[in-house]
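# Fold and geometry: a report
As a plain string of letters, each chain reads:
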Amino acid sequence: MAIALSGSPKDFIYGGSRLMLKLLQKIMGGNNTSQNIDRQIGKATIEITKNTVQFDSDVYQFRNVTGFGVCPVQTLRVPLSWIWFSFIFGIWGTMNSSLNSDEKTGAMLFLAFGIVSLAFNKFWPPKYGLKLYLNSGSPLPIFITRDIQGLKGVVSVLYNFMESHEEGHYVVYSTDRSIKIEGSVGGNFIGRNAMGDVINKI
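Since this is a predicted model, take the numbers as computed values, not measurements. (Residues numbered from 1 in each chain as written. Predicted model: local features only at pLDDT ≥ 70, side-chain atom pairs only at ≥ 80, totals over all residues. Heavy atoms only, no water.)

## Some remarks on the overall build of the protein
A count of helices and strands for the protein gives 4 helices and 11 strands. Residues classed as buried in the protein amount to 39% of the 202 residues present. Restricting the contact set of the protein to residue pairs at least 6 apart, pairs at least 24 apart contribute 59%. (Helix = DSSP H or I, 4+ residues; strand = E, 2+ residues; numbered from the N terminus. Buried < 20%, exposed > 50% of the residue type's maximum accessible area, 1.4 Å probe, protein only. Contact = heavy atoms within 4.5 Å.)

Here is the structure:
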């Protein structure tokens, strides 16, 4: 959507306001990406053996699981181009002497939006997920967390379990803030604590 620079400053402010409204609607609506067809799951307890994978009321045969992986999850972000637009539009409006007080207030709101959006993008932590790959295709379960170190540790343990021929039993505890795994294979307790450290016990 283009904004014409011709016309009065008031028309410019109005056109910019309409554009900003459309941008906010797009942010809140999200994008229609392939990740949206996957099944995102928050807090969960996942039990894994050589026979089954179970969480909530779902049970999958372990032989139908083709892998586990770290998957980036679409996180709300304000595009940098929109932030630049807000800064340029806001600075132009506040420095334009031909605008009245109400129009300058509107321009200052654009400037404030740019500042808040920049801080939001910088400090809002990204999310990741433990993705369960199935040979039956999508939708694929993704267990959401912000604990990337713990997530990598869980995937490492599960990879070794899939590669082994020994029986075992693991439980993955996944929340928005942390993810950890506990269990045993071949009589040995193997797990990772909340800090991502490997724990082995005989």
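## Let's talk about the sheet that holds strand E5 (residues 65-73)
In space, the 4 strands of this open sheet follow the order E1-E7-E6-E5, with mixed pairing throughout. Where the open sheet ends on each side, the last strands, each with one partner, are strand E1 (39-41) and E5. Shown here is a sheet whose adjacent strand axes are inclined to one another by a mean of 25°, direction ignored. Across 8 bridges, the pairing between E5 and strand E6 (residues 127-134) is antiparallel. Directly across from Cys71, in E6, lies its bridge partner Gly129. Relative to the sheet, helix H4 (residues 148-163) contacts E5, E6 and strand E7 (141-145), its axis offset from that of E5 by approximately 170°. (Pairing = 2+ DSSP bridges. Axes fitted to C-alpha atoms, helices over the stretch in contact; angles between N-to-C directions.)

## A short note on a nonpolar patch on the surface
A grouping of Leu80, Trp84, Ile88 and Leu118 is seen on the molecular surface, where their side chains present a nonpolar patch of about 460 Å² in accessible area. Looking at the nonpolar patch, the element that brings in the most residues is helix H2 (residues 80-95), giving 3 residues. You can see Leu118 is positioned in helix H3 (residues 101-123). (Patch = residues over 30% accessible without salt bridge, like charges linked within 9 Å, V, L, I, M, F, W, Y side chains within 5 Å. Areas by Shrake-Rupley, 256 points an atom, 1.4 Å probe, with all protein chains shown as cover. Salt bridge = Lys/Arg side-chain N within 4 Å of Asp/Glu carboxyl O.)

## As for the pairing of E6
For E6 and E7, the ladder comprises 4 bridges, and the chain directions are antiparallel. The residue bridging Gly129 from the neighbouring strand is Ile144, located in E7.

## Some details on the packing of aromatic side chains
Enumeration according to the criterion identifies 9 aromatic pairs in this entry. With a centroid separation of 6.4 Å and an interplanar angle of 80°, the aromatic rings of Phe85 and Phe110 are classed as edge-to-face. Here Phe110 lies in helix H3 and Phe85 lies in helix H2, a separation of 25 residues in the sequence. A relative accessible area of 23% means that Phe85 is categorised as partly exposed. Among the residues examined, Phe110 registers a relative accessible area of 6% and is labelled buried. One aromatic cluster is present, formed by Phe85, Phe89, Trp92 and Phe110 through successive ring pairs. Here the guanidinium or amino end of Lys122 rests over the ring plane of Phe123, the centre of that ring lying 5.9 Å away. Between Lys180 and the ring centre of Tyr173, over which it is positioned, the NZ or CZ distance is 5.8 Å. (Phe/Tyr/Trp six-rings, centres within 6.5 Å; stacked < 30°, edge-to-face > 60°. Lys NZ or Arg CZ within 6 Å of the ring centre and 35° of its normal.)

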